[in-house]
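# Coordinates in review
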Amino acid sequence: MASKEAAAYLHVQIPADAQDVKGAGADGWDADSYLLSFTVPHAEAEAIAADLRLDEPLKSHPPLPPREYPSPVSFAHLGLPSPDTVPNARTGSVCPPCIGDKRRSMLQSIGITLQDLGDGITRVYLGGQ
């Protein structure tokens, strides 16, 4: 699945100036999963997070050690590290049906990680199912 299809399913507009755009999806036996990642200026990344209407504000976390993922639905499939292993990152999540987000009502959860890459650029990691 291309990044545009993943963005459409997640109901996220990929900014016109986004770089290094990658997306994928997989049909699962109990749920479909979608991944999307790109880099944008910091303010655009913050706007994407705000549009998700997260359950709680983004939180910083210390990076976990890198590890192998057996699932084909991991950011490793896109040639990226897992968001929980990257430095300078903040994470959050939302249950779209729980907050009445009708745009994303077919998704049970969306996770977002914003990684500060320096020079005002942020990598956005989005995963939904």
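Bear in mind that the values here come from a model prediction, so they are computed numbers and not experimental data.

### Here we look at the overall build of the chain
- Looking only at helices and strands, the chain features 3 helices and 6 strands.
- Written out in order from the N terminus, the α and β elements of the chain read α-β-β-α-β-β-α-β-β.
- The C-alpha radius of gyration of the chain comes to 14 Å, within 12% of the 14 Å expected for a compact globule of 129 residues.
- In terms of overall dimensions, the chain has C-alpha extents of about 35 × 30 × 25 Å along its principal axes.
- The buried share among the 129 residues of the chain stands at 40%.

### Section: the state of the cysteines
- On inspection of all chains with the given rule, the structure shows 1 disulfide.
- One disulfide bridge connects Cys95 with Cys98, the sulfur atoms lying 2.2 Å from each other. Judged by the sign of its S-S torsion, about 65°, the bond between Cys95 and Cys98 is right-handed.

### A look at the nonpolar core
- Counting 22 residues, the largest nonpolar core has Leu36, Phe38, Ile112, Val124 and Leu126 as the members making the most contacts within it.
- Going through the elements one at a time, helix H1 (3-10), strand S2 (33-41), helix H2 (42-52), strand S5 (110-118) and strand S6 (121-128) are the ones with two or more residues in this core.
- Grouped together as the second largest cluster of nonpolar side chains are 8 residues, Ala24, Leu78, Leu80 and Val86 included.

### Re the environment of Ala45
- Positionally, Ala45 belongs in helix H2.
- In this structure the C-alpha to C-alpha distance between Ala45 and Ala6, which are 39 residues apart in sequence, comes to 17 Å.
- Ignoring sequence-local partners within four residues, the contact set of Ala45 consists of Val40, Leu114, Thr122 and Val124.

### Some words on the sheet that holds S5
- Taken together, 6 strands build an open sheet; the order of strands is S1-S2-S6-S5-S4-S3 and the sheet is antiparallel. Looking along the sheet, the strands with just one partner apiece sit at the ends: strand S1 (19-26) and strand S3 (59-60).
- Pairing of S3 with strand S4 (residues 89-94), which is carried by 2 bridges, proceeds in the antiparallel orientation. Within S4, the position partnered with Lys59 by the bridge is Thr91.
- Relative to S2, H1 is tilted by about 100°, and along the sheet it contacts S1, S2, S5 and S6.
- Packing against the sheet, H2 makes contact with S2, S4, S5 and S6, and its axis sits at approximately 145° to S2.

Here is what the cut-offs are and how they apply
Residues numbered from 1 in each chain as written. Predicted model: local features only at pLDDT ≥ 70, side-chain atom pairs only at ≥ 80, totals over all residues. Heavy atoms only, no water. Helix = DSSP H or I, 4+ residues; strand = E, 2+ residues; numbered from the N terminus. Rg over C-alpha atoms; globule rule 2.2 N^0.38 Å. Buried < 20%, exposed > 50% of the residue type's maximum accessible area, 1.4 Å probe, protein only. Disulfide = S-S within 2.5 Å. Core = buried A, V, L, I, M, F, W, Y, C linked by side-chain atoms within 4.5 Å. Contact = heavy atoms within 4.5 Å. Pairing = 2+ DSSP bridges. Axes fitted to C-alpha atoms, helices over the stretch in contact; angles between N-to-C directions.

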